[in-house]
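Listed below, chain by chain, are the residues.
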Amino acid sequence: MDPDAFAAVHEPQWRRLEELSRRRELSGPEADELVRLYQATAGHLSALRSSAPDPQLVSRLSVLLGHARGRVAGTHELRLSDVVRFFAVSLPAAFYRVRWWTIGVALAFVALAVATGVNAATNPAVMSQLGTPTQLEEYAQEAFAAYYNNYPAPDFAAQVWTNNAWIAAQCIGLGITGAFPVYVLYQNAVAIGQAGAIMEVYGDLEVFFALILPHGLMELSAVFIAGGTGLKLFWTAVAPGRRSRAQALAQEGRSLITVAVGLVVVLGVSGLVEGFVTGSFLPTWAELTIGALVLAAYWAYALLPGRWAVRSGEVGDLERDLAGHVLAEAG
């Protein structure tokens with residue numbers, strides 16, 4: 001293919017597409033023409049890339065199609081109603097749809113953590129692999145509690161928030177592998193089990209739970225949600241159902257990104273509890289009550305408005321006109 005000859009033949013179509021893309025208002029026939037030219041030009045670009053990849057011409061058509069797509073698909077400005085709908089409908093629906101995956105991951109996580117802790121606490125050979133008696137005693141008597149008081153509360157809350165949000169995003173983003181969420185959950189369950197075993201043998205197990213549970217109830221639940229969400233995406237690839245695998249992954253992927261955004265908020269709350277409540281001047285019962293109320297608030301949010309939203313047909317996906325697969329047509 002001769003790029004110059006190809007451009008000469010189709011130049012009138014490209015100029016017309018550029019003209020229509022720049023107009024502020026279009027009539028019905030002009031809107032239909034814009035869609036036809038957009039589709040034709042997309043075919044031209046594909047042909048050029050495969051047969052005669054002229055960098056300058058490819059770049060020109062890419063920019064032209066970018067402008068045209070904004071007119072074809074329309075633009076969408078963020079409104080207050082979008083924010084309200086996200087938190088009132090889309091997010092609780094997305095949380096509700098992964099509730100059983102969340103519960104399944106939580107049960108497996110707790111079982112593994114308990115088994116690891118009991119094995120380490122009752123088996124001196126396993127405990128010796130975690131460190132020398134002196135090191136383990138120092139950890140139990142000083143380091144474990146000091147972790148929650150080494151930094152100012154705002155700095156500590158921000159550090160916890162960003163770290164856990166990054167872990168959650170990885171679990172969801174790499175969930176399609178099926179292996180990464182399992183690896184992250186396994187590592188965390190073993191670490192918590194071992195820490196509990198050390199505190200039981202060399203320290204005070206009550207201190208362990210008093211420092212872990214206020215923030216950990218919600219923080220670990222967020223990890224469970226992220227892990228379950230990632231595994232749900234993996235299972236969608238394995239068993240897409242009546243949808244094509246591509247359609248199923250596209251829909252579920254967008255829905256699960258909604259979960260990822262929501263978990264940023266959830267982990268922000270958990271970080272505040274860890275930074276300002278855990279290890280504070282409050283009595284242990286008050287800290288545990290705050291942690292339990294935060295967890296209860298999450299499940300009330302996921303189950304009540306979430307159930308209503310799902311029964312109304314909401315899945316946490318983008319609206320069709322924002323998902324990128326609906327073209328404008330003249331009415």
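Residues numbered from 1 in each chain as written. Predicted model: local features only at pLDDT ≥ 70, side-chain atom pairs only at ≥ 80, totals over all residues. Heavy atoms only, no water.

**Focus: the environment of Ser312**
So, step 1. As for its placement among the helices and strands, Ser312 is situated in the segment after helix H12 (284-311).
So, step 2. Put simply, Ser312 and Ala93 are 219 residues apart on the chain and 9.7 Å apart in space, counted from C-alpha to C-alpha.
So, step 3. For Ser312, the side chain forms a polar contact with the main-chain oxygen of Trp308, separated by 2.9 Å. (Helix = DSSP H or I, 4+ residues; strand = E, 2+ residues; numbered from the N terminus. Polar contact = N/O pair within 3.5 Å; in protein donor to acceptor, adjacent residues only side chain to side chain.)

**Observations concerning the nonpolar core**
So, step 1. Phe95, Ile172, Ile225, Val259, Leu263, Val266 and Tyr298 are the most contacted members of the largest nonpolar core, which has 26 residues in total.
So, step 2. If you list the elements that add at least two residues to this core, you get helix H4 (80-97), helix H8 (153-173), helix H10 (205-238), helix H11 (245-276) and H12.
So, step 3. The leading source of residues in this core is H11, at seven residues.
So, step 4. When neighbours within four sequence positions are excluded, Phe95 is seen to be in contact with Ile225, Val259, Gly262, Leu263, Val266, Tyr298, Tyr301 and Ala302.
So, step 5. In this structure, Ala7, Val35, Leu45 and Leu61 belong to the second largest nonpolar core, which totals 18 residues. (Core = buried A, V, L, I, M, F, W, Y, C linked by side-chain atoms within 4.5 Å. Buried < 20%, exposed > 50% of the residue type's maximum accessible area, 1.4 Å probe, protein only. Contact = heavy atoms within 4.5 Å.)

**As for the layout of surface pockets**
So, step 1. When its volume is computed, the second largest pocket comes out at roughly 470 Å³.
So, step 2. Lining the second largest pocket are 23 residues, with Ala113, Val114, Ile192, Phe208 and Phe209 positioned closest to its centre.
So, step 3. Here the lining of the second largest pocket is composed, by residue class, of 17 nonpolar, five polar and one charged. (1 Å grid on protein atoms, 1.4 Å probe; cavity = no way out; pocket = protein on both sides within 12 Å on 5 of 7 lines; lining within 4 Å. Points joined across faces, edges and corners; volume = space filled by probe spheres on them. Nonpolar A, V, L, I, M, F, W, Y, C, P; charged D, E, K, R; others polar.)

**Observations concerning a nonpolar patch on the surface**
So, step 1. Taken together, the side chains of Leu80, Val83, Val84, Phe87, Val265 and Val269 define a hydrophobic patch exposed on the protein surface, amounting to about 500 Å² of accessible area.
So, step 2. The element best represented in the nonpolar patch is H4, accounting for four residues.
So, step 3. Within the element layout of this structure, Val83 appears in helix H4.
So, step 4. Assessed through its relative accessible area of 33%, Val83 is described here as partly exposed. (Patch = residues over 30% accessible without salt bridge, like charges linked within 9 Å, V, L, I, M, F, W, Y side chains within 5 Å. Areas by Shrake-Rupley, 256 points an atom, 1.4 Å probe, with all protein chains shown as cover. Salt bridge = Lys/Arg side-chain N within 4 Å of Asp/Glu carboxyl O.)

**Some thoughts on the packing of H4 against H11**
Between two packed helices, both the angle of their axes relative to each other and the distance between the axes serve to describe the pair.
So, step 1. Interaxial distance between H4 and H11 falls to 9 Å at its minimum, and their mutual angle equals 105°. One element, H4, and the other, H11, form an angle in the roughly perpendicular class. Each of Phe86, Phe87, Ser90, Leu91, Ala94, Phe95 and Arg97 in H4 lies in contact with H11, whose residues at this interface are Glu252, Ser255, Thr258, Val259, Val261, Gly262, Leu263, Val265 and Val266.
So, step 2. For the contact of H4 with H11, the per-class residue count stands at ten nonpolar, four polar and two charged. (Axes fitted to C-alpha atoms, helices over the stretch in contact; angles between N-to-C directions. Parallel < 35°, antiparallel > 145°, perpendicular 65-115°, else oblique.)

**A few points about helix H9 (residues 179-202)**
So, step 1. For H9, which comprises 24 residues, the first-to-last C-alpha distance of 34 Å matches the rise-based estimate of 34 Å (1.5 Å per residue) to within 8%.
So, step 2. If you check which residues of H9 are buried, you get Pro181, Val184, Leu185, Ala189, Val190, Gly193, Ala195, Gly196, Ala197, Ile198 and Met199. (Expected span 1.5 Å × (residues − 1).)

**Points about the confidence of the model for the chain**
So, step 1. For the chain, mean pLDDT is 83; residues scoring 70 or higher make up 88% of the total.
So, step 2. Within the chain, the element-level pLDDT minimum falls on H8, averaging 72, and the maximum on helix H5 (residues 99-122), averaging 95.
So, step 3. The low-confidence segment residues 320-331, where pLDDT is below 50, has 18 contacts with residues more than four positions distant or belonging to other chains. (pLDDT = per-residue confidence, 0-100.)

**Structural notes on the packing of aromatic side chains**
So, step 1. Tallied over the full model, the rule gives nine aromatic pairs.
So, step 2. Arranged with centres 5.1 Å apart and planes meeting at 70°, the rings of Phe95 and Tyr298 form a pair that is edge-to-face. Within this pair, whereas Phe95 is found in helix H4, its partner Tyr298 is found in helix H12, the two being separated by 203 residues in sequence.
So, step 3. By relative accessible area, which is 6% here, Tyr298 ends up buried.
So, step 4. An angle of 75° between the planes, with centres 5.2 Å apart, marks the rings of Tyr298 and Trp299 as edge-to-face.
So, step 5. Taken together, Phe95, Tyr298, Trp299 and Tyr301 form an aromatic cluster joined through their ring pairs.
So, step 6. Above the plane of the ring of Tyr96 lies Arg99, whose end atom (NZ or CZ) is 3.8 Å from the centre. (Phe/Tyr/Trp six-rings, centres within 6.5 Å; stacked < 30°, edge-to-face > 60°. Lys NZ or Arg CZ within 6 Å of the ring centre and 35° of its normal.)

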